[in-house]
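# Structural overview
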Amino acid sequence: MPTSELPPRALFAMNPVHLPELFPPRLMARLGDVARIDPALVLQDFGDPAMAKALAETEVLITGWGCPRIDEVVLAAAPRLRAVLHAAGSVRSLVAPAVWERGIVVSNAVQANAVPVAEFTLAAILLSGKDAFGLRERFRAEHVYPPPADHAAVGNLGRRVGIIGASRVGRRLLELLRPFDFTVTLYDPYVDAAEAAALGAALVPLDELMRTSDIVSLHAPDIPETYRMLDRRRLSLMPDGSVLVNTSRGALVDPDALADELVSGRIGAVLDVTEPEPLPADSPLYRLPNVFLTPHIAGSLGNELERLGRTVVDELALLGAGAPLAHAVHQADLVNSA
């Protein structure tokens, strides 16, 4: 940043409950080096008269969970705004078209949030390959080790893993899968065979992936084109004893068809997301031994949130130096991303 210029004036716009984990003291201090910001000032309502002066002077909005939508009315109240840096994932519901039309740059922390999701998914795949979830339930019920013959289908050597979606999470997961002795396939309509090979997977049609995978892991965006992409017919293609891992969104899977398959015991599932979310208390999925259900924890939680805040601080440093943002989001990107 040129020494003659002051750092940009920034303002937090989010639910303040997240602020201490996104920006712990050491990171907040670094933020103060690259932006003029009041750490105690957090906007939750763009129409709040008490925030009008601060908003009018703001050049950079640091947004997060709980931030209201940024539309034409907000832009009129923030005439100096030139950047929206989102310390979370998708900006689809946050940023109105008027933001792009005014030439405001937008960035998010999707890449940073992909890290814990991919790590969680890798763990789910490895444990599913060992039938850890099913054997745990059997051990709790019977209190004895199963005989060796019952382990014939267990193990991760040569396990066939199908990845649906070369999203940021999908790509990070493919990278994490490389050291293991898996056979990996990929379905993504926006990836060609050469790119898939470079990512470490063989590109196949979706139906083939469903038919030939021991473990199917879902990483497609939640957009109209992917709604119920795993319907009753496609779920029926999964081999007996295979496992569906979903750390993406529940809307991508037909919930009734999935419940029927799981209740039958034909397949298993590791579900961090469902539809609806959370499931009603009487859902059989809470009680099934072939279902490992978690409360949407794969994404950034606890100390992992600092990684999202760090992304924002890094972006602010680039902005102040007049350099392109590392994680810029463009309006056209929203067509095929969440």
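As annotated in an unreviewed UniProt entry, the protein is Hydroxyacid dehydrogenase from Streptomyces cylindrosporus.

Another aspect to go through is the pattern of salt bridges. Per the stated rule, a full pass over the model turns up 19 salt bridges. The shortest N-O distance in the salt bridge between Glu137 and Arg140 comes to 3.6 Å. Residue Glu137 and its partner Arg140 are located together in helix α7 (residues 132-142), separated by 3 residues, close to a single helical turn. Take Glu137: its relative accessible area is 28%, and that puts it in the partly exposed class. A salt bridge links Glu175 to Arg172; its shortest N-O distance comes to 3.1 Å. Within this pair, Glu175 and its partner Arg172 are both found in helix α8 (residues 168-177), separated by 3 residues, close to a single helical turn. Take Glu175: its relative accessible area is 45%, and that puts it in the partly exposed class. Given the relative accessible area of 25%, Arg172 is considered partly exposed. Residues joined in a network through salt bridges with shared partners are Arg36, Glu59, Arg80 and Arg82.

UniProt records the feature "domain: D-isomer specific 2-hydroxyacid dehydrogenase catalytic" (unreviewed entry) for residues 51-329 in the present numbering. Across residues 51-329 one finds 37% helix and 15% strand; the C-alpha atoms that close the span lie 27 Å apart.

Each value, and the rule that gives it
- Position numbers for residues count from 1 along each chain, tracking the sequence in the order it is written.
- Residues qualify for local features only when their pLDDT is at least 70, as the model is predicted, and side-chain atom pairs are given and counted only at 80 or more; totals for whole chains, interfaces and linings, by contrast, use all residues.
- Derived side-chain values reflect all non-hydrogen atoms in the structure, with water molecules and hydrogen atoms excluded from consideration.
- Any carboxyl oxygen of Asp or Glu within 4 Å of a side-chain nitrogen of Lys or Arg constitutes a salt bridge here.
- Under the DSSP-based scheme used, a helix requires at least four consecutive residues in state H or I and a strand at least two consecutive residues in state E, with every element numbered from the N terminus.
- The classification of residues rests on relative accessible area computed with a 1.4 Å probe and restricted to protein chains. Under 20% of the type maximum is buried, over 50% is exposed, and intermediate values are partly exposed.
- UniProt positions are given in the numbering used here, feature names are shortened, and annotations may be inferred rather than shown by experiment.

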